[in-house]
Amino acid sequence: MDKPRLYSGMQPSAESLQIGNYIGALLNWKALQQTHDAFFSIVDLHAITVAQDPAALRENTRRTAAQYIAAGIDPSASTLYVQSHVAAHAQLAWVLNTITGFGEASRMTQFKDKSARHGQDATTVGLFAYPTLMAADILLYQTEIVPVGEDQRQHVELTRDLAARFNSRFGSTFTVPEVAIVKETAKIYDLQNPTSKMSKSAESHAGVIWLLDEPSVTKKKIMRAVTDAEGGVVFDRENKPGVANLLTIYSVLAGVTIGSLEDEYAGRGYGDLKKGLVEVVEGTFGPIRSRVIELLDDPAELDRLLAHNADRAAAVADVTLARAYDAVGL
Ligand code: ADP
Ligand code: NA
C-alpha cells in the first residue's frame, strides 16, 4: 500500500529556527517521514504577508532549508522544497479565494491577532488571504494528514471546508485532509516568560533559544531562565511553569521521561538542572549547527537540491492544479 501523503511547512521568518520549531515540528516530521509520503515546504510566499527585507528573506529561506536537512529531514525520502519555486501554490490559491466567503475568512483568529499586532496600515489583502494560500499548499498534494500546532487548527478546518465545497460544486478534485494536532506536551515556552510560547517572532529574544546560537549564548539564556522562589525540581505546569518548561525541553532532547528527571534532580537546585540542560541542548544542536554550516558553505549544491525537490513537488502539484482549473472552466 502507498504511504499516506503528509504536508507541513514553516516560514523562513528568521535566520535561525528556535528550539520550539525543532521540538514541535522538525522532530515530529523526522519521525513521520518514515511512515508517510511527506512534503515539507519552506513557505516563503507566506513570509511576505508581513513586511520583509528581500535580501534577508532570500538568505533565511536557504538557511531554513539547511536547518530542515541538518535536523534530519531527508531530502531524498521526503520532498523538501521552497513554496515559491512551485507556481501552482499561488495559482490554486487564487481559485480557492473565489470560493471562500469574506465573512468566513474574517473569522480566522490568527488574522485578527496579526492584523491587530501589525496595525491597519501594515494589514494587507495578502495577510487576509493567508489561509486560502495555506489551503492551496495542502490540497495541491492530495494531502491526507497535516501535522500542525493547535494554533493552525482553524486554518486546516477551513481547508477541509474548502475542499469539500469545491468537490461538491465542481466534482471530486481534492482529498479532504485530516488535522493531526501535535501534542500539547511538545509545546515549548519562552524562557523569560514561561506562560507564552517560544516564537521566532517574539518581541524580545532573551528567552528564545535559536538552533544556530553559539553555545555560550545558549548557556547564558538557560542559566538566566525564569523559575520560581519555591525550589524543588518538580513538574507543575500551573504553579511552576518555568521549571516545567525546562523539564519538558530536557526530557524531549535527552529522550528520558520527566519522572526520571525529577528523580535525578530530587533535592538539588535549579542551577544543577540548568547546567544539565545546557549540556543536553549543546549535545543536540552542536552537530546540527556544524551540518548547517557545511550545507551553507556550498550554496550551489543546496540550490541544486532544492531545485530538484521543487521539480518533484511540481510534478504532483501541477496535476491537481490542472484538474482544478479544468473543473472550474479555466
Ligand atoms: P514561530 O512562532 O517560531 O514563528 P510558527 O508559528 O511559524 O513558529 O510555527 C512553525 C512550526 O513550529 C509549527 O509547526 C509550530 O507548531 C511549531 N512551533 C513553533 N513554536 C513552537 C513552540 N514554542 N513549541 C512547540 N512547537 C512550536
Ligand atoms: Na510565525
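Residues numbered from 1 in each chain as written. Chains lettered and ligands numbered in written order. Predicted model: local features only at pLDDT ≥ 70, side-chain atom pairs only at ≥ 80, totals over all residues. Heavy atoms only, no water.

### Overview of the environment of H308
Point 1. Secondary-structure assignment places H308 in helix α14 (residues 299-328).
Point 2. For H308, a relative accessible area of 42% translates into the label partly exposed.
Point 3. Sequence separation of H308 and G232 is 76 residues, and the distance between their C-alpha atoms is 52 Å. (Helix = DSSP H or I, 4+ residues; strand = E, 2+ residues; numbered from the N terminus. Buried < 20%, exposed > 50% of the residue type's maximum accessible area, 1.4 Å probe, protein only.)

### Examining the UniProt feature "binding site: L-tryptophan" (unreviewed entry) in the protein chain
Point 1. The positions UniProt marks with the feature "binding site: L-tryptophan" (unreviewed entry) are D137.
Point 2. Within the secondary structure layout, D137 lies in helix α8 (residues 130-139).
Point 3. Leave out the neighbours within four places in its chain, and D137 touches Y7, V43, H46, Q83 and H89.
Point 4. A polar atom in the side chain of D137 sits 2.8 Å from the side chain of H46. (UniProt positions renumbered as here; feature names shortened; annotations may be inferred. Contact = heavy atoms within 4.5 Å. Polar contact = N/O pair within 3.5 Å; in protein donor to acceptor, adjacent residues only side chain to side chain.)

### Observations concerning the pattern of salt bridges
Point 1. In this structure the tally under the stated criterion is 14 salt bridges.
Point 2. R268 is the partner of D272 in a salt bridge, and the nearest nitrogen-oxygen pair spans 3.1 Å.
Point 3. Its relative accessible area of 29% is what places D272 among the partly exposed residues.
Point 4. Since its relative accessible area comes to 34%, R268 is described here as partly exposed. (Salt bridge = Lys/Arg side-chain N within 4 Å of Asp/Glu carboxyl O.)

### So, the site of ligand 1
Point 1. Around ligand 1, the surrounding shell holds 14 residues, and the nearest of these are Q18, I188, M198, S199 and K200.
Point 2. Between ligand 1 and G20 there is a distance of 3.1 Å, counted from a nitrogen atom to a backbone nitrogen or oxygen.
Point 3. With respect to ligand 1, the backbone of I188 contributes an N or O atom lying 2.6 Å from a nitrogen atom.
Point 4. When ligand 1 is considered free in solution it has 530 Å² of accessible area, and contact with the protein chains removes 85% of it.
Point 5. No other element matches helix α1 (residues 19-35), which puts four residues into the shell around ligand 1. (Near = heavy atom within 4 Å. Areas by Shrake-Rupley, 256 points an atom, 1.4 Å probe, with all protein chains shown as cover.)

### Re the pairing of strand β3 (residues 79-82)
Note on strand geometry: in a regular strand, side chains alternate between the two faces of the sheet.
Point 1. Burial along β3 is two-sided: T79 and Y81 facing one way and L80 and V82 facing the other are all buried.
Point 2. Pairing of strand β2 (residues 37-42) with β3, which is carried by four bridges, proceeds in the parallel orientation. Paired with F39 across the bridge in β3 is T79. (Pairing = 2+ DSSP bridges.)

### What about the confidence of the model for the protein chain?
Point 1. Overall, the prediction assigns the protein chain a mean pLDDT of 95, with 99% of residues at 70 or greater.
Point 2. This prediction of the complex comes with two scores: 0.94 for pTM and 0.96 for ipTM. (pLDDT = per-residue confidence, 0-100.)

### Thoughts on the pairing of strand β5 (residues 178-181)
Point 1. Taken together, the four bridges between strand β4 (residues 145-148) and β5 define a ladder with parallel strand orientation. Bridged to V148 within β5 is I181.
Point 2. Read from β4 through helix α9 (residues 153-170) to β5, the crossover connection turns out right-handed. (Right-handed = clockwise from strand over helix to strand, strands pointing away.)

### Looking at the domain arrangement of the protein chain
Many descriptions give the size of an interface as the accessible area lost when the pieces come together.
Point 1. Looking at the assigned domains, one finds that the protein chain contains domain 1 (3-184 + 298-326) and domain 2 (213-291).
Point 2. Facing seven residues of domain 1, the contacting portion of domain 2 comprises seven residues.
Point 3. Between domain 1 and domain 2 the total buried area reaches about 660 Å² when both faces are included, carbon and sulfur atoms providing 86% of it.
Point 4. The interface formed by domain 1 and domain 2 includes zero salt bridges.
Point 5. The tally of links from domain 1 across to domain 2 stands at zero residue pairs in polar contact (both at pLDDT 80 or more).
Point 6. Contributing elements (two or more residues each) for the side of domain 1 that touches domain 2: α1 and α3 (54-70).
Point 7. For the side of domain 1 that touches domain 2, the residue count by class is seven nonpolar, no polar and no charged. (Domains from an automatic or database assignment. Buried area = accessible area lost by both parts, 1.4 Å probe. Nonpolar A, V, L, I, M, F, W, Y, C, P; charged D, E, K, R; others polar.)

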